[in-house]
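# Residue-level structure breakdown
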Amino acid sequence: MGAALAVDPPLAAPVVDDQALIAATLAGRGDAFGELVTRYERAVYHLAVRTLHDRTEAEDATQEAFFKAYRALNTFRPGAKFSTWIFTICYRSCCDRLTKRKRLSGDELPDRADPSAGPEALAERSDEAQRLRAAIDELPEKYRTVITLYHLQGKQYEEIATVLNLPLGTVKTHLFRAKEQLRKVLSV
Amino acid sequence: MNYHDDDLDRALAALPLEEPPAQLHARIMAATVHRPAPLVRSWELWLVGTFVALAAWLTWLLVSAPHAMERLVSTVTGTLDSTGFTSEYTVMWMAVGISAAWWISQLSVPRSRRTVRTK
């Protein structure tokens, strides 16, 4: 009879689903959480950058989101999607930061977009991706977040509604209007 | 150029995600998995704080009450007398018991003679 391995076997490389990684993390496997971070940090960071328009703050918001997720991992509902959960945490963290920013500035916030994202700069941008990104930056906050989540999660409207804590109908309306505005800007 | 819904979806799908800073992964891991456990947990601090406050309050009560120390000393001595702890026989048997317990704790049990045969 072979002796049991004292060392945990490495995580199987390609397809370990999120639920298994969460279970492994809860069992004390730090590398499993590392894998979750690797999978989602880029998307979470993207959401934070698009929402906050500030890379330094987005970095902090991303770290905060993963920290909160790690601490509350035992409350994660089995069967739920980790992406939706982490996006929700990140979005709330971004909203808190925006509220704090508004309180500090005292009046309606100017979006802290990078200075090159103005209308003149937009016209100069030839590359389609850059134009689209600039057009998204020009959207009002509520539309920008919906379109960013649509970009990240695809046509999973219910997941988007969960993250934003909005009715499904509102999400679809926001998405429709956001696309309309984008089309208008990009068709110029 | 006229953008249709499909064009927009295609452009959105092709839009690259923002590149996170190189050290972000390490920062997240340092704040979560590799975060050192706190020396004292918050509930432990609360517990110790409560005990200290309680002890301070009791001490203050004792010190501020008239003849409190004399009454305390007489109560403790009275209790010891009534339970027999001050009797020399009780003290002697307690000493015997404690010595026996200490002596037994120092004994080493001999190993079994059974040996494991190896091939």
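Residues numbered from 1 in each chain as written. Chains lettered and ligands numbered in written order. Predicted model: local features only at pLDDT ≥ 70, side-chain atom pairs only at ≥ 80, totals over all residues.

Scanning chain A for helices and strands turns up nine helices and zero strands. Counting from the amino terminus, chain A carries its helices and strands in the arrangement α-α-α-α-α-α-α-α-α. Across the 188 residues in chain A, those meeting the buried criterion constitute 32%. (Helix = DSSP H or I, 4+ residues; strand = E, 2+ residues; numbered from the N terminus. Buried ≥ 20, exposed ≤ 12 C-beta atoms within 10 Å, placed from the backbone.)

A few words on the overall build of chain B. Tallying secondary structure elements over chain B gives five helices and zero strands in all. Burial status across chain B gives 4% buried among its 119 residues.

To continue, consider the interface of chain B and chain A. When the parts of a complex come together, some accessible area is lost, and that lost area is often used as the size of the interface. At the interface, 22 residues of chain B touch 27 residues of chain A. Elements with a contribution of two residues or more to the side of chain B that touches chain A: helix H1 (5-14) and helix H2 (24-31) of chain B. Ranked by residues supplied to the side of chain B that touches chain A, first place goes to H2(B) with six residues. Partitioning the side of chain B that touches chain A into residue classes produces 16 nonpolar, three polar and three charged. (Contact = placed C-beta atoms within 7 Å. Nonpolar A, V, L, I, M, F, W, Y, C, P; charged D, E, K, R; others polar.)

On to helix H7 (residues 141-153) of chain A. In this model, H7(A) (13 residues) spans 18 Å end to end at C-alpha, consistent with the 18 Å of a helix rising 1.5 Å per residue. Of all 13 residues in H7(A), 10 are buried; the element is thus mostly enclosed. Every buried residue belonging to H7(A) is among Tyr143(A), Arg144(A), Thr145(A), Val146(A), Ile147(A), Thr148(A), Leu149(A), Tyr150(A), His151(A) and Leu152(A), and all of these are buried. Here the buried face of H7(A) lies against helix H2 (30-52), helix H4 (82-105), helix H6 (128-138), helix H8 (157-164) and helix H9 (168-187) of chain A together with H1 of chain B. With its phi angle positive at about 75°, Gly154(A) sits one or two positions after the end of H7(A). (Expected span 1.5 Å × (residues − 1).)

Residue and element names in this part refer to chain A. Notably, His-53 is not glycine yet its phi reads approximately 60°, a positive angle. Examined against the element boundaries, His-53 turns out to sit in the loop between H2 and helix H3 (55-71). Positive phi values are uncommon outside glycine, yet Asn-165 reaches one of about 55°. Considering the arrangement of structural elements, one finds Asn-165 in the loop between H8 and H9.

Per-chain confidence: chain B averages 85 in pLDDT, with 91% of residues scoring 70 or above. Scored by ipTM, the complex comes to 0.75, with pTM at 0.66. (pLDDT = per-residue confidence, 0-100.)

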